[in-house]
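Residue-level listing of the chains:
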Amino acid sequence: MPHLWMFLLQARTPPGHEVVLLDGNAKPMTDEEIVQFVKSENIDLVGIGAMTRMIARAYRAADALRAAGVPVVMGGPHVTELPDEALPHCDAVALGEADDTWPRMVNDAAHGQLKKVYKPTDPFGQEKKPDLGEYPKIPWESIDLNQFNQIPKMLRSTLKRYGFGQFHLIPIESGRGCPYGCEFCTVTGFFGDSIRFRSNESVVDEMLRLKARAKENDGKVAIFFVDDNFAINIKRTKSLLKSIIAAKAQLAWVGQISANLLKDEELVDLIAESGGKWVFIGMESLDPVNLKDVNKSFNKPADYHAVLDRLAKRNIYAITSFIFGLDNDTPGVAERTLSQIRDWPPGLPVFGQITPFPSTPLYTRLEKEGRLTRPTHWLDFAPFRMAHTPLKMTVPEVHTEVQYAWTNTYSPQNTKRAMSKIVDAPAPYKISHLVARLCFRGIYFPQKGKMAWFKVLIENRAVLYRVIADCFTNWRGKVADDVRLDFDAGARVVAKPTVI
Ligand code: B12
Ligand code: SF4
């Protein structure tokens, strides 16, 4: 999925400048290739954004560009927390939300007057968070989204016939900020604890425009509401979802909502009716002591099962996220977690290890306690590696638990078991569930390239066959029903295969 900030800042760029977007995930390039590209396009200013895990790569690209004489500015959560680390690699940093500072940076750069540090402030120098009431119109109609098409090249022409030549997962925000202040999270510090919302009209208008674009391109668009807690103000969320339904702006969507807010039946009904398909839930741990330690006691593990059942009843499934290596974790935590997950409706569990991101309360605590083993872990980035020693486990033990969880959850046997739980669900759900499972496996086990995918498909051939056969049986049943209905009505017999 592409990052929202690129599209947002593009829309906030003052007139008279052209913006070219390049996403390192969608189009991997070496530093030399980036420099060559920037030179060949005559680009005058490069803006780089990165999360902590990508920052070392971002610094390398910035260094290469500056060595070639191209000015670079940086923004995003990491450089906001550590501007002094970033400044030797760039000409300027944007601290915090850059909606209003980006136009200033562009103008200053155009006049050769770039300053070192840009902060979102009011005319009196006080910190000012952007007001989402005046949200820019991202021109989705005209943005070139080719680099973000999720349909593999070799399947595009075949799937085009079924309206699936393109599939884009588009990030949209409806609000910013989260007051919960979980110990490991950068969000409360970065966006603040006061929440700001866009108007319903502006979100609905964006969805309608995306829907029109998908139709025009013979493709599909799904959206990811990137709000940290999409239902943080339930009344507002319900009102937004009702507006989406009233305007027929429904698109399949994914959002992040904490479990405590999903107890409201009306909310879950509206999620389903407005197109909600997947909900990301930060469950983190099934141990209340761990949850208390990281200031997340509002999560109640005893409620998880009921919450997931409530979603599954409406064919909404959960991406459940767990953290291992918390201070009360002991060896065996992965199996203890999986044994509960196996009783829940099938979802997409993801597992990580607790990571101290800079400027989080967790980082400060571990630093004080002298427990950081890799205090600048981002400069020596390695996926799924601990950067501190937990209290009741060793670092290698945590790594083993994480590996155990991924291996078991996404094994062909377990995928088959998960799919058998939704054997009666409509065909599109089964297909999307299976595709999502196979893709999610790749978060831990890199599966880049045709051969890797071929192996995954072969390993899971039994379940693939089962799902395709089920869908075919359903389809044949549906055709038979259509024929029977038309015949009963005395009409001409026309079979209308509608869903596959
Ligand atoms: C959507 C999202 C995801 C999505 C998709 C990521 C994507 N492609 O967009 C998914 C679910 C896949 C994801 C995964 C992860 N995520 Co995430 N994610 C987010 C989330 C919720 C929203 C991002 C967003 O669009 N925000 C809204 C935009 C407008 O804000 P923004 O990106 O910060 O941009 C503003 C400013 O930062 C600035 N800016 C940003 N870039 C630039 C560049 C320039 C040049 C300038 C001038 C300004 C600028 O201007 C923008 C406008 O104000 C954020 C939390 C959050 N609310 O931001 C976490 C967040 C970014 N994720 C985070 C993390 C840790 C992860 C994971 C590592 C989690 C994990 N353990 O696996 C993975 C890593 C994935 C990967 N391999 O890349 C952390 C990052 C912390 C950090 N210090 O790096 C965040 C902040 C959440 C948190 N709990 O702390 N994530
Ligand atoms: S609820 Fe989510 S976004 Fe809010 S502080 Fe906790 S982890 Fe961060």
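For clarity, every value in this text was computed on a predicted model and none was experimentally measured.

Definitions and limits used
In this numbering scheme, every chain counts its residues from 1 along its sequence in written order. Key to labels: chains lettered from A, ligands numbered from 1, both in the order written. Only residues with pLDDT of at least 70 get local features here, since the model is predicted, and only at 80 or more are side-chain atom pairs given and counted; chain-wide, interface and lining totals rely on the full set of residues. Exposure classes come from backbone-placed C-beta atoms, where a residue is buried if 20 or more other C-beta atoms lie within 10 Å of its own, exposed if 12 or fewer do, and partly exposed in between. Numbering of helices and strands runs from the N terminus; a helix is a DSSP stretch of H or I covering at least four residues, while a strand is a stretch of E covering at least two. Taking the helix axis as origin, the arc is that swept by the directions to the C-beta atoms. Throughout, a residue-residue contact means that the two C-beta atoms, derived from backbone geometry, are no farther apart than 7 Å. Defining nearness, a residue is near a molecule or strand when the C-beta atom obtained from its backbone falls within 6 Å of it. Residue polarity follows a fixed list, in which Ala, Val, Leu, Ile, Met, Phe, Trp, Tyr, Cys and Pro are nonpolar, Asp, Glu, Lys and Arg are charged, and the others, Gly among them, are polar. For the purposes of this description, domain bounds are those given by an automatic or database domain assignment. As a per-residue measure, pLDDT reflects the predictor's confidence and takes values from 0 up to 100. Strand pairing is defined by DSSP finding a minimum of two bridges between the two strands. For helices, the fitted line uses only the C-alpha atoms of the stretch in contact; every axis is such a line through C-alpha atoms, and the angle between N-to-C directions lies from 0 to 180 degrees.

At 3.6 residues per turn, the α-helix brings residues three or four places apart onto the same side. Burial in helix H14 (residues 333-341) covers these residues: Val-333, Ala-334, Thr-337 and Ile-341. Relative to the axis of H14, the buried residues are bounded by an arc of 100 degrees and lie together on one face. Projecting away from the buried face of H14 at angles above 90 degrees are the exposed residues Glu-335 and Ser-339. Where H14 is buried, its residues contact strand S11 (317-324) and helix H16 (395-409).

This part takes up unusual backbone geometry. If a residue is not glycine, its phi is most likely negative; likewise, a peptide bond is most likely trans. At Ser-359, a position not held by glycine, the phi torsion is positive, near 70 degrees. Residue placement: Ser-359 occurs in the loop between strand S12 (350-353) and helix H15 (361-368). Classification of Ser-359 by C-beta neighbours within 10 Å gives partly exposed; the count is 17.

Moving on: the site of ligand 1. In the neighbourhood of ligand 1, 32 residues make up the surrounding shell, with Gly-47, Gly-49, Met-51, Thr-52 and Gly-75 lying closest. Of all elements in the fold, only helix H1 (4-11), strand S1 (46-49), strand S2 (72-75), helix H4 (77-81) and helix H8 (187-191) reach the threshold of two or more residues within the shell around ligand 1. Across the shell around ligand 1, the residue classes break down as 18 nonpolar, 9 polar and 5 charged. Residue contributions to the shell around ligand 1 reach at least three from each of two domains, namely domain 1 (4-130) and domain 2 (133-422).

On to the confidence of the model for the protein chain. Looking at the protein chain as a whole, the pLDDT averages 91, with 95% of positions reaching at least 70. For the stretch residues 482-500, pLDDT sits under 50, and the model shows 19 contacts to residues farther than four places along the chain or on other chains.

Now for the sheet that holds strand S10 (residues 276-284). With parallel pairing, the 6 strands of this open sheet are ordered in space as S5-S8-S9-S10-S11-S12. This sheet does not close on itself; its edge strands, each paired only once, are strand S5 (167-172) and S12. Strand after strand, the sheet turns through a mean of 20 degrees between neighbouring axes, direction not considered. Bridge count between strand S9 (residues 252-256) and S10: 4 bridges; the pairing is parallel.

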